[in-house]
Amino acid sequence: MNVFQLQYHKSSVLVATLAGVPTIGALLMFIMLYHLPINTSFWLISMLITTFLLIMILVLRWIIKTQIFVPCTVSIEQEQMKLEITENNLFYNKRNFSALWENILSIEEKFSIQHGNYSYTVIFTAPYFKANFSMKEHYEDEAENFFSLLRSYQENKKISNIHQQKQITKDFHDRLASN
């Protein structure tokens, strides 16, 4: 069994947060501005808007850094892959997940030009979702080992599936020939 320390996030949660937090923040800001007296000075309104925007940006950054991209432990075994989120967070209520290699649809590697690092997307079929893994700070080598091991397991699974398909086809033809 190989265990890796990585960062985990789901794209759907990230997108929902990037859309939801500014929307809720803007609504709260407009409600606050609506309740201000009409003769409120322009500089006070400007300062309130600027302060509110700054607070929204800081809250969004905090949510993304601590609640969306969460540390996890990934175990890769002969039969399956296991994920365990190691810290409490607001968005991922399921902290443990495991999937057999047959339930993994694809594995992709992506390079982020903005951050200069790689991320790895694993698409599961049962239940269907995409898990994104990236390297944790000071664990660069571990992330590379994770991806190479993940690829080798995927390749081994494809090869064994091809052999199984060939055996099934051979058995089918043998049965046809015997009838």
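Use the structure listed above.
Residues numbered from 1 in each chain as written. Predicted model: local features only at pLDDT ≥ 70, side-chain atom pairs only at ≥ 80, totals over all residues. Heavy atoms only, no water.

K.L.:
Which parts of the structure should I look at to understand the overall build of the protein chain?
P.N.:
Tallying secondary structure elements over the protein chain gives three helices and seven strands in all. Listed by position from the N terminus, the elements making up the protein chain come as β-α-α-β-β-β-β-β-β-α. Looking at the 179 residues of the protein chain, the share that counts as buried comes to 32%. Considering only residue pairs separated by 6 or more positions, the protein chain has 55% of its internal contacts joining residues 24 or more positions apart. A total of about 12,100 Å² of accessible surface is found on the protein chain, and carbon and sulfur atoms cover 61% of it. (Helix = DSSP H or I, 4+ residues; strand = E, 2+ residues; numbered from the N terminus. Buried < 20%, exposed > 50% of the residue type's maximum accessible area, 1.4 Å probe, protein only. Contact = heavy atoms within 4.5 Å. Areas by Shrake-Rupley, 256 points an atom, 1.4 Å probe, with all protein chains shown as cover.)

K.L.:
How should I be thinking about the nonpolar core in this particular structure?
P.N.:
Here is a general trend for soluble globular proteins: nonpolar side chains tend to be buried in one another's company. Ranked by size, the top nonpolar core spans 35 residues in total, and within it Y8, V74, I76, M81, F124, F133 and F146 carry the most contacts. Setting aside anything within four residues of it in sequence, one finds V74 in contact with N2, V3, F4, L6, M81, K82, L83, F133 and F146. (Core = buried A, V, L, I, M, F, W, Y, C linked by side-chain atoms within 4.5 Å.)

K.L.:
When you look at the side chain of S106 in this model, what are you seeing that I'm missing?
P.N.:
With respect to the secondary-structure elements, S106 resides in strand β5 (residues 104-112). A residue is classified by how much of its surface remains accessible, and S106, at 19% relative accessible area, is buried. If we skip the residues at most four places from it in the chain, S106 touches T121, V122, I123 and Q154.

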